[in-house]
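Observations on the three-dimensional arrangement
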Amino acid sequence: WSNAEDGFKYWRRSIEGSGVFVFKRAFKQSDFFGFCIHDNTLPLIVINNSTAHSRQVFTVFHELAHLLYSVSGITKQDTSYIDQLAGPPHDIEVACNRFAAEFLVPSSTFPWNDVRRTDLGEFVLSQARRYKVSREVILRRLLDRGLVNQATYLRNTEQWNREYQQSRQGRSGGNYYATQATYLGEAFLQLAFSQYYQGKVNLEQLAGHLRVKARNVARLEDFVMSSE
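A brief structural summary.

About the thresholds
- Residues numbered from 1 in each chain as written.
- Predicted model: local features only at pLDDT ≥ 70, side-chain atom pairs only at ≥ 80, totals over all residues.
- Heavy atoms only, no water.
- Helix = DSSP H or I, 4+ residues; strand = E, 2+ residues; numbered from the N terminus.
- Rg over C-alpha atoms; globule rule 2.2 N^0.38 Å.
- Buried < 20%, exposed > 50% of the residue type's maximum accessible area, 1.4 Å probe, protein only.
- Contact = heavy atoms within 4.5 Å.
- Salt bridge = Lys/Arg side-chain N within 4 Å of Asp/Glu carboxyl O.

1. Brief notes about the overall build of the chain
In terms of regular secondary structure, the chain is built from ten helices and four strands. In the chain, the order of α-helices and β-strands from amino to carboxyl end is α-β-β-β-α-β-α-α-α-α-α-α-α-α. For the chain, whose C-alpha radius of gyration is 19 Å, the value lies close to the compact-globule estimate of 17 Å for 228 residues. Expressed along its principal axes, the backbone C-alpha trace of the chain runs to roughly 60 × 40 × 30 Å. The buried share among the 228 residues of the chain stands at 44%. A fraction of 58% describes how many contacts in the chain between residues 6 or more apart in sequence connect residues 24 or more apart.

2. Looking at the pattern of salt bridges
Evaluated as defined, the whole model comprises six salt bridges. Close ionic contact of Glu186 with Arg13 constitutes a salt bridge, the shortest N to O distance being 3.0 Å. Of this pair, Glu186 sits in helix 8 (residues 186-197) while Arg13 sits in helix 1 (residues 4-17); the two residues are 173 residues apart in sequence, bridging distant segments of the chain. Taking relative accessible area as the criterion, Glu186 reaches 43% and is therefore assigned partly exposed. Accessibility expressed as a relative area gives 42% for Arg13, which makes it partly exposed. Notably, a salt bridge pairs Glu102 with Arg141, separated by 2.7 Å at the nearest N-O pair. With Glu102 in helix 3 (residues 88-104) and Arg141 in helix 5 (residues 135-144), the pair connects residues that are 39 residues apart, well separated along the chain.

3. Examining helix 5
Counting buried residues in helix 5 gives eight out of ten residues, a clear majority hidden from the surface. Buried residues of helix 5: Glu136, Val137, Ile138, Leu139, Arg140, Arg141, Leu142 and Leu143, and no others. The inward-facing, buried residues of helix 5 contact strand 2 (32-37), helix 2 (53-68), helix 3, helix 4 (120-131) and helix 6 (150-168). Gly146 sits one or two positions beyond helix 5 and adopts a positive phi of about 75 degrees.

Here it is, written out as structure tokens:
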């Protein structure tokens, strides 16, 4: 794919195809990137839609790793809290970060020898574009290898997140139905409407599951159908 937004859509579709619902919401707390709830029947991941798509890609795989460990979890901007953990909680957080980073940016294809040959900022940006991930993911790869220290990692990631939040100020809410469809995802929408047409839920119940008013269900369905 050509950009991180398309990448997230495909990864989301793949994860949902494995039985994990991926929802999105615009969190009021911008320093929280997402969370997951482990459940043997209905595991789910919720992503903060107010973060960059490249950031969302990393978050969804961090949370997926939590589910693979059968543990619920939360992803925060400030990762220093991990150092305060002990035992299995600490080890799982570290493992989840490494899993997501290795999955998205495999060590076997990463140009480790080029790190010292160019400016750090330029190197991180070029590799982020190459792998269609956030700059934070690339910097984490370097952190895991001991090529940058924790202070450098935290300073840069805080700055990048702050710049992204500033770039979003003043933006309009966009199309209401497009937003709802993005929040709920294809898998959940298909499930909800199939249950409705099979007579297993009525219109009011369907509206409740979709988090819209009953009179808006038909418009949401029209938008979903026209987007396929």
